[in-house]
Amino acid sequence: MRKLHVAAFISLDGVIQAPGGPEEDRSGGFAHGGWVVPHFDEALGEEVDRFFAPPQALLLGRKTYDIFAAHWPHQTDAFADALNAMSKYVATRSPRPLDWTNSHAIGPDAVSAVKALKAEDGPDLLTQGSADLIHSLLEADLVDQITLLIFPLVLGRGKRLFGGAAAPAGLRLLGSRTTDQGVVVARYERSGDVASGSFAMETPSEDEMKRRAEING
């Protein structure tokens, strides 16, 4: 059985659009692409290495896949080598071929395909970027772990990690770290249903009211 891990660069107001560069994704008139870059340091690099560390397989939407596929095959460092060697599962309706090494189309019904992948033996699945895909996976309650890299800025508009249809879920904090640049890295795992309670004071029973009246004379 595989687990599904979502890792996201995210602003304080929940935006995950175009973290890596100005031209990455301008849809909706988004004008702040590349907001991760000024905050990137050695500590943040260590955390990125952690969640991309093999053995894992990538699970991506088509837009994020195309961005990754245009960049990583042309890099020659150890991180790129690991990424290029991973299996990539791509939720796509496009007939265009998937040219990046070890890429596999899973079709437009991502929820059914991911359920089947999770039931198989193999490396865990990692999703990064891919906002529309993540919304579908959260709505279907298929996400086992979430790593949030929370940046100290507010972007105001843009694609967000959590849509209004995400299935309610309880989470447990596995660990956290704050970089010198003010990025908070928090790792969570799924831990049952949402617990609730109340701070409202209980209304005393009639017998309790009588008892109090007797005590007070």
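Refer to the structure presented above.
Residues numbered from 1 in each chain as written. Predicted model: local features only at pLDDT ≥ 70, side-chain atom pairs only at ≥ 80, totals over all residues. Heavy atoms only, no water.

Regarding helix 1 (residues 42-52)
Put simply, the rule reads: The buried label goes to any residue with under 20% of its type's maximum accessible area, the exposed label to any with over 50%, and the partly exposed label to all in between, with areas taken from a 1.4 Å probe on protein chains only. Note on conventions: DSSP H or I runs of at least 4 residues are helices, E runs of at least 2 residues are strands, and numbering of each starts at the N terminus. Polar contacts here mean pairs of N or O atoms no more than 3.5 Å apart (in protein, one a potential hydrogen donor and the other a potential acceptor; neighbouring residues in sequence count only if both atoms are side-chain atoms).
Of the positions making up helix 1, those classed as buried are A43, L44, G45, E47, V48, F51 and F52. Structurally, the start of helix 1 carries an N-cap: the backbone nitrogen of A43 is 3.3 Å from a side-chain oxygen of D41.

Structural notes on the environment of P168
Short version of the rule: Residues count as neighbours in contact if any of their non-hydrogen atoms are within 4.5 Å of one another.
The residue P168 is located in the loop between strand 6 (145-151) and strand 7 (171-178) in this model. Owing to a relative accessible area of 65%, P168 belongs among the exposed residues under this scheme. In this structure, the C-alpha to C-alpha distance between P168 and D141, residues 27 residues apart in sequence, is 8.2 Å. When sequence neighbours within four positions are dropped, the list of residues in contact with P168 reads R190 and V194.

Side note on unusual backbone geometry
Across the junction of P54 and P55, the peptide omega takes the value 0°, indicating a cis bond. By the secondary structure assignment, P55 is in the loop between helix 1 and strand 2 (56-61). Positive phi, normally seen in glycine, also occurs at N102, with a value near 65°. Structurally, N102 can be placed in the loop between strand 3 (88-91) and strand 4 (103-105). With a phi close to 60°, D141 is a non-glycine residue in the positive phi region. Here D141 shows up in the loop between helix 5 (131-139) and strand 6. By relative accessible area, which is 36% here, D141 ends up partly exposed.

Details of the nonpolar core
Which entries qualify depends on this criterion: Residues belong to a common nonpolar core when they are buried Ala, Val, Leu, Ile, Met, Phe, Trp, Tyr or Cys residues joined through side-chain atoms within 4.5 Å.
Of all hydrophobic cores here, the largest spans 29 residues; its most connected members are F9, W35, F51, F52, L58, L149 and F151. Among the elements that line this core, the one with the most residues is helix 1, at 4 residues. Apart from residues lying up to four places away in sequence, F51 is in contact with H5, A7, F9, Q56, L126, Q128, T147 and L149.

Some words on helix 3 (residues 78-85)
Rule in force here: Think of the arc as the fan of directions from the helix axis to the C-beta atoms.
Where helix 3 is concerned, the buried positions are A80, L83 and N84. Looking down the long axis of helix 3, one finds its buried residues gathered within 95° of arc, a one-sided arrangement. In helix 3, the exposed positions that point more than 90 degrees away from the buried face belong to A78 and A85. Buried positions along helix 3 lie against helix 1, strand 2 and strand 3.

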